[in-house]
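As a plain string of letters, each chain reads:
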Amino acid sequence: MIDLRLLRENPDLVRSSQRARGEPEGPVDALLAADSRRREAGARFDRLRAEQKDVGRSVAKASGAERDGLLERAKELAAEVKAAEAERDAAADEADRLVLELSNVVDPEAPVGGEDDFVVLAEVGSPRDFAAEGFEPRDHVELGRLLGAIDVERGAKVSGSRFYYLTGVGALLELALVQLAIDQAVGAGFVPMIPPALVNPPAMEGTGFLGQAAENVYRLEADDMYLVGTAEVPLAAYHMDEILDAERLPLRYAGFSPCFRREAGSHGKDTRGIFRVHWFDKVEMFSYCRPEDSFAEHRRLLAWEQEFFAKLELPYRVIDVATGDLGSSAARKFDCEAWIPTQRRYRELTSTSNCTQYQSRRLAIRMRDAEGVRPLATLNGTLCAVPRTIVALLENHQQADGSVRVPAALQPYLGGCPLLASRVP
RNA sequence: GGAGGCGUCGCCUAGUCCGGUCUAUGGCGCCGCACUGCUAAUGCGGUUGGGGCCCUAAGCCCCUCGAGGGUUCAAAUCCCUCCGCCUCCGCCA
């Protein structure tokens, strides 16, 4: 959630942020009104409650007629306190509800606009010229079939559309990618984590996924639990309701977890293969740091993502996502998009967001330093989303005969194997 | 799933039976000051978090004893519901 103090002092900043996102400004004024009603009723409650406590203490000491008089006054006060409390709570409930409707205040550096208004920050490597090499590239579904690595037909039979089996070298490839990613993260000082993929409502609400993204979250009705769409959820909620010593920051975690996404509203999009699926595994980086360090930390997460792309020898570009396309928690977001030969375009493989203090306020995660206690900043970034990485790897490193070259950095994790050989000639 | 025990302001802990200066005790840790060749020890003071009065400071006030309700003039204390942890039993990879 945003800082209420900031909202009171500079409501125009919040309004213009909402505008940049293409989100309504109405809640801003409704929230200001509810907040002011909450404070008025709260102050009234405080005064009455102080008097009530005072009279109550006198009752204990008094006796006889004096006591009866005090009791009468005490009863009146009890009723007035209750009324003021009810008013305060009603206003607070409304304010709480409204504040959750407001997205994070966007970073002024972020490009303003919609999905197509991103700015390209870098292009690294160059797409292969398959025509010059004399063959038409196969897509990952075909390559996966030739290698015996991906089985989408049986995925659909057993679980429905957008499900798959990784088989044989496909399964080995996932384990190798995950191990490569974890090794890199641990080498960079991250604490590796295997978090729960099923979380309770406070954890899911706190990370901000039950707002505009709610329709993409799987919920287990019988148990009132949620399946996480990313390890960001359990890694952010890990320190929920805690006050961290600023000396320990930054805290960096690398979580490996399954990710579940309903993909509502994306019917008909990326229906072929394993580019967009309901379930996949992912290694996610997560940082807790001082708010003033978050911008530098964001660049570091991006650099670690790029390091991983380099190891996989994939051509890609980095984009600065426009304000209208940010998640509600993010103030700024960078995506790394790999070149997908058969789609002839760049597609998102990783994404890193600076959530500033938005997420930590919702989750009540704070830090203590010389200046006192205040919310800290949280950031997240994908290190390796397995199926999309496999798609990029197969398509970019394929050979004319359907075999796939293994990048040098990945070979040790595949028993030194330099080539995934096609089983079907 | 069943039975029992427990949950107090960083950690440990008193208080809960029997409601009222509990305005929550003490210890550890931490911070400041004093004393001291230095350190240690000792002494004194401070030390939950959130909110409001108000923009800051001082100061004052309210809330916070796992969470939420209830009873009462008054709840850490009594009642109800829920959550978590521990022990034992059952079941299970």
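Above: the structure in question.
Let me sum up the structure you'll find in this document.

About the criteria used
- Sequence order sets the numbering: in each chain, residues are counted from 1 along the sequence as written.
- Whichever chain is written first is A, and whichever ligand is written first is 1; the rest continue in order.
- With pLDDT at 70 or above as the cut-off, local features in this predicted model cover only qualifying residues; side-chain atom pairs require 80 or more to be listed or tallied, and sums for whole chains, interfaces and linings still use all residues.
- Hydrogens and water molecules were not included; the side-chain quantities draw on all heavy atoms of the structure.
- Note on definitions. A residue lies near a molecule or strand when any single heavy atom of the residue is within 4 Å of it.
- Polar contacts here mean pairs of N or O atoms no more than 3.5 Å apart (in protein, one a potential hydrogen donor and the other a potential acceptor; neighbouring residues in sequence count only if both atoms are side-chain atoms).
- Only DSSP runs of H or I reaching four residues or more are called helices, and only runs of E reaching two or more are called strands; each is numbered from the N terminus.
- Expected helix span is given by 1.5 Å per residue-to-residue step, counting one fewer step than there are residues.
- Think of it in three bands: residues with accessible area under 20% of the maximum for their type are buried, residues over 50% are exposed, and the middle band is partly exposed, with areas taken using a 1.4 Å probe on protein chains only.
- To be clear, the arc concerns the directions from the helix axis to the C-beta atoms.
- Aromatic contacts are taken between Phe, Tyr and Trp rings whose centres are within 6.5 Å, Trp giving its six-membered ring; a plane angle under 30 degrees counts as stacked, one over 60 as edge-to-face, and the others as tilted.
- Pairing between two strands requires that DSSP report at least two bridges joining them.
- Lines fitted to C-alpha atoms define the axes here, with helix axes fitted over just the stretch in contact, and angles between the N-to-C directions of these axes take values from 0 to 180 degrees.
- To count toward a patch, a residue needs a relative accessible area above 30% and no salt bridge. Like charges then connect within 9 Å, nonpolar side chains (Val, Leu, Ile, Met, Phe, Trp, Tyr) within 5 Å.
- Each accessible area is a Shrake-Rupley result for a 1.4 Å probe, and residues are judged covered by the shown protein chains and nothing else.
- Should a side-chain nitrogen of Lys or Arg be within 4 Å of a carboxyl oxygen of Asp or Glu, the pair is scored as a salt bridge.
- The charged-residue count follows a simple rule in which Lys and Arg add positive charge and Asp and Glu add negative charge, with His and chain termini not counted at all.
- The atom standing in for a charge is NZ when the residue is Lys, CZ when it is Arg, CG when it is Asp and CD when it is Glu.
- Both site types are read off a 1 Å grid over the protein atoms alone. A 1.4 Å probe that fits but cannot get out defines a cavity, while an open set with protein on both sides within 12 Å along at least five of seven lines defines a pocket; lining residues have an atom within 4 Å of a point.
- Grid points are joined across faces, edges and corners, and a volume is the space filled by probe spheres set on the points.
- Three residue categories are used. Nonpolar comprises Ala, Val, Leu, Ile, Met, Phe, Trp, Tyr, Cys and Pro, charged comprises Asp, Glu, Lys and Arg, and polar comprises the others, including Gly.
- All domain edges in this entry derive from an automatic or database-based domain assignment.

1. Remarks on the protein's contact with RNA strand B
- Around RNA strand B sit 24 residues in total, of which Arg8, Asp46, Arg49, Gly56 and Arg368 are the nearest.
- Each atom of RNA strand B within 4 Å of the protein was classed as base or backbone; sugar and phosphate made up 76%.
- Measuring from a sugar or linking oxygen of RNA strand B, one finds a side-chain N or O atom of Arg366 at 3.1 Å.
- With respect to RNA strand B, the side chain of Arg368 contributes an N or O atom lying 2.6 Å from a phosphate oxygen.
- Looking at the surface near RNA strand B, the elements that each hand over two or more residues are helix H1 (4-9), helix H3 (26-61), helix H4 (64-99) and strand E14 (366-369).
- Of all the elements, H3 adds the most residues to the surface near RNA strand B, at 12 residues.

2. Observations regarding helix H11 (residues 294-312)
- For H11, spanning 19 residues, the distance from its first C-alpha to its last is 27 Å, which sits close to the expected 27 Å at 1.5 Å a residue.
- The complete set of buried residues in H11 reads Ser294, Glu297, His298, Leu301, Leu302, Trp304, Glu305, Phe308, Phe309 and Leu312. Angularly, the buried residues of H11 cover 155 degrees about the axis, an arc narrow enough to put them on a single face.
- In the stretch just after H11, Glu313 is the one whose phi turns positive, near 55 degrees.

3. A closer look at the packing of aromatic side chains
- This structure, assessed with the given rule, holds eight aromatic pairs.
- Ring centres of Tyr164 and Trp279 lie 4.7 Å apart, and the angle between their planes is 15 degrees; this geometry places the pair in the stacked category. Of the two residues, Tyr164 sits in the loop between helix H7 (152-159) and strand E3 (165-166) while Trp279 sits in strand E10 (residues 279-289), which places them 115 residues apart along the sequence.
- Residue class for Tyr164 comes out buried when judged on its relative accessible area of 5%.
- Here the aromatic rings of Phe309 and Tyr316 are separated by 4.4 Å at their centres, their planes lie at 35 degrees, and the arrangement is tilted. Across the pair, exposure class does not vary: Phe309 and Tyr316 are buried alike.

4. Some points on the sheet that holds E10
- Across the sheet, eight strands lie side by side as E1-E11-E12-E13-E16-E10-E9-E4; this open sheet has mixed pairing. The open sheet is flanked by strand E1 (119-124) and strand E4 (191-193), the only strands paired with a single partner. The mean inter-strand angle of the sheet, taken between neighbouring strand axes irrespective of direction, is 25 degrees.
- Looking at chain direction, E4 and strand E9 (residues 251-260) are connected through three bridges and run parallel.

5. Points about a positive patch on the surface
- On the surface, Arg49, Lys53, Arg57 and Lys61 cluster together to form a positively charged patch.
- Its location among the elements puts Arg49 in helix H3.

6. Structural notes on the layout of surface pockets
- Taken as a whole, the second largest pocket spans an internal volume of roughly 430 Å³.
- Lining the second largest pocket are 24 residues, with Leu6, Asn104, Val105, Val106 and Thr356 sitting closest to its centre.
- Elements with a minimum of two residues in the lining of the second largest pocket: helix H2 (11-21), H11 and helix H12 (358-363).
- A total of four residues in the lining of the second largest pocket trace back to one element, the largest contributor, which is H2.
- For the lining of the second largest pocket, the class distribution of residues is 14 nonpolar, seven polar and three charged.
- If you count residues domain by domain, the lining of the second largest pocket takes at least three from each of domain 1 (4-99) and domain 2 (119-420).

Purely spatial values, then, with no claim about function.
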